[in-house]
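# Observations on chain architecture
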Amino acid sequence: MKNLYSAGVAAFALAATLSTATMATDLRLSHQWSTGDIRHKVAQIVADEVAGADVDLSITIFPSKSLFKPREQYKPLSRGQLDMTVFPLSYAGGQRPEFNLTLMPGLVKNHDHAARLNESEFMGKIEELMTEDDVKVLVHGYLAGGFAGKDKCITKPDDVKGLQTRAAGKAFEQMLAEAGASIAGMASSEIYNAMQTGVLQAANTSSSSFVSYRIYEQVKCYTPAGDVALWFMYQPLLMNKSAYEALNDEQRAALDAAAAKAEAYYLEEAKKQDAASVEVFREAGVKIAEMSPEDFEAWRAIAQESSYNKFANDVPGGQNLLDLALSVD
């Protein structure tokens, strides 16, 4: 009997060991960009840091919309069909109209202001809404953008009057239309051909898109994101909340540490990306214009009459959420 008891204890111990060994977790992370993009690099930092922590946790990244279409990642994430994504939150504005405030003209002035917004009551409210969808933020991040003109510089509202203009996001279209522009809706990948064929005279998009789509070959003037910029888009690394909570303490600690490192990188590289775009355009012989604080306030005044009012009127609690965002200095 003693031998049988000893054998049973040994078998139980072996089973427990095997059970522990199989607790290794692999998370799936999806995004729409190439492996050279800053947003992929943010995801890769998290994956590499977690792998190096040796806590039986790994992250497999699916870049270039290889797992889900760009705008169709939030629902799978909230349903637990996807573990993680780097995602422009305004893409989910159809499901949560409050998220449209994360791509609103003039709401963010510069990258340091964006970092303060990430720690504000405003962002806390946005995160509360994500929590209701079983989603949590791992890494905060904003990317900036600017204007380019085929024949002239665009710094102030009067500069777009009568121009066929492409904007990034409905709120920007509303603001530009209020300023007197004609709106041409298209993907950023279509800007080059539209300018080349004379369909488009001005465009608004991200710094990275201006460079990657070689818009500098078609324009005479570029107004980059600088001390102030109108275009900022919140593009965090998100995770299914239940998947996060299912991890053990060591795994969560490793993931949190990796996310903190990635967030610091995201902020610094976003700043560098804007500066790098200026050099690319300058080397191509394009004139570089600068938006002044007075220009910024003029644009914001138009946004208040158009984009801000529409958001406040259309979204329950929208005015309060807008006020919280605008209260961040």
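Here we summarise the structure given alongside this text. (Residues numbered from 1 in each chain as written. Predicted model: local features only at pLDDT ≥ 70, side-chain atom pairs only at ≥ 80, totals over all residues. Heavy atoms only, no water.)

### With respect to the nonpolar core
- Ranked by internal contacts, the top residues of the largest apolar core, which has 59 residues, are Tyr74, Phe122, Met130, Tyr142, Leu238 and Trp299.
- For this core, the leading source of residues is helix 11 (residues 293–314), giving 6 residues.
- What phenylalanine 122 contacts, discounting residues up to four positions off in sequence, is Leu101, Leu117, Tyr142, Leu321, Leu324 and Ala325.
- Residues Ala43, Val55, Leu143 and Ala259 belong to the second largest nonpolar core, which totals 31 residues. (Core = buried A, V, L, I, M, F, W, Y, C linked by side-chain atoms within 4.5 Å. Buried < 20%, exposed > 50% of the residue type's maximum accessible area, 1.4 Å probe, protein only. Helix = DSSP H or I, 4+ residues; strand = E, 2+ residues; numbered from the N terminus. Contact = heavy atoms within 4.5 Å.)

### Focus on the sheet that holds strand 2 (residues 57–62)
- The mixed open sheet is built from 5 strands, whose spatial order is 2-1-3-11-4. On the outer flanks of this sheet lie strand 2 and strand 4 (135–139), each paired with one strand and no other. The mean angle between the axes of side-by-side strands here comes to 30°, regardless of whether they run parallel or antiparallel.
- As judged from the 4 bridges shared by strand 4 and strand 11 (residues 237–240), these two strands associate in the antiparallel manner. Residue pairing across strands places valine 135 opposite asparagine 240, the latter belonging to strand 11.
- Packed on one face of the sheet, helix 2 (residues 38–53) meets strand 1 (25–30), strand 2, strand 3 (84–86), strand 4 and strand 11 and runs near 160° to strand 2. (Pairing = 2+ DSSP bridges. Axes fitted to C-alpha atoms, helices over the stretch in contact; angles between N-to-C directions.)

### Here's the deal with the packing of aromatic side chains
- Inspection of the entire model under this criterion finds 10 aromatic pairs.
- Considering the side-chain rings of phenylalanine 210 and phenylalanine 281, the 6.0 Å spacing of their centres and the 90° angle between planes classify their relative orientation as edge-to-face. Residue phenylalanine 210 is found in helix 8 (residues 207–212), and its partner phenylalanine 281 is found in helix 10 (residues 249–283); the two are separated by 71 residues along the sequence. An identical accessibility class is assigned to phenylalanine 210 and phenylalanine 281; each is buried.
- Aromatic pair tyrosine 216 and phenylalanine 281: ring centres 5.7 Å apart, planes at 80°, arrangement edge-to-face. Here tyrosine 216 is found in the loop between helix 8 and strand 9 (221–223), whereas its partner phenylalanine 281 is found in helix 10, with 65 residues between them in sequence. Neither residue differs from the other here; tyrosine 216 and phenylalanine 281 are each classed as buried.
- Feature note: the residues Tyr74, Phe87, Tyr91 and Phe99 constitute an aromatic cluster, connected by ring pairs. (Phe/Tyr/Trp six-rings, centres within 6.5 Å; stacked < 30°, edge-to-face > 60°.)

### Quick notes on the state of the cysteines
- Throughout the structure, instances matching the rule amount to 1 disulfide.
- Here cysteine 153 is linked by a disulfide to cysteine 221, with a sulfur-sulfur distance of 2.0 Å. Where cysteine 153 bonds to cysteine 221 through sulfur, the torsion about that S-S bond is close to 95°, and the disulfide is right-handed. Taken together, the positions of cysteine 153 in the loop between strand 5 (142–149) and strand 6 (164–166) and cysteine 221 in strand 9 put the pair 68 residues apart, joining distant regions of the chain.
- Residue cysteine 221 is classed as buried on the basis of its relative accessible area, which comes to 2%. (Disulfide = S-S within 2.5 Å.)

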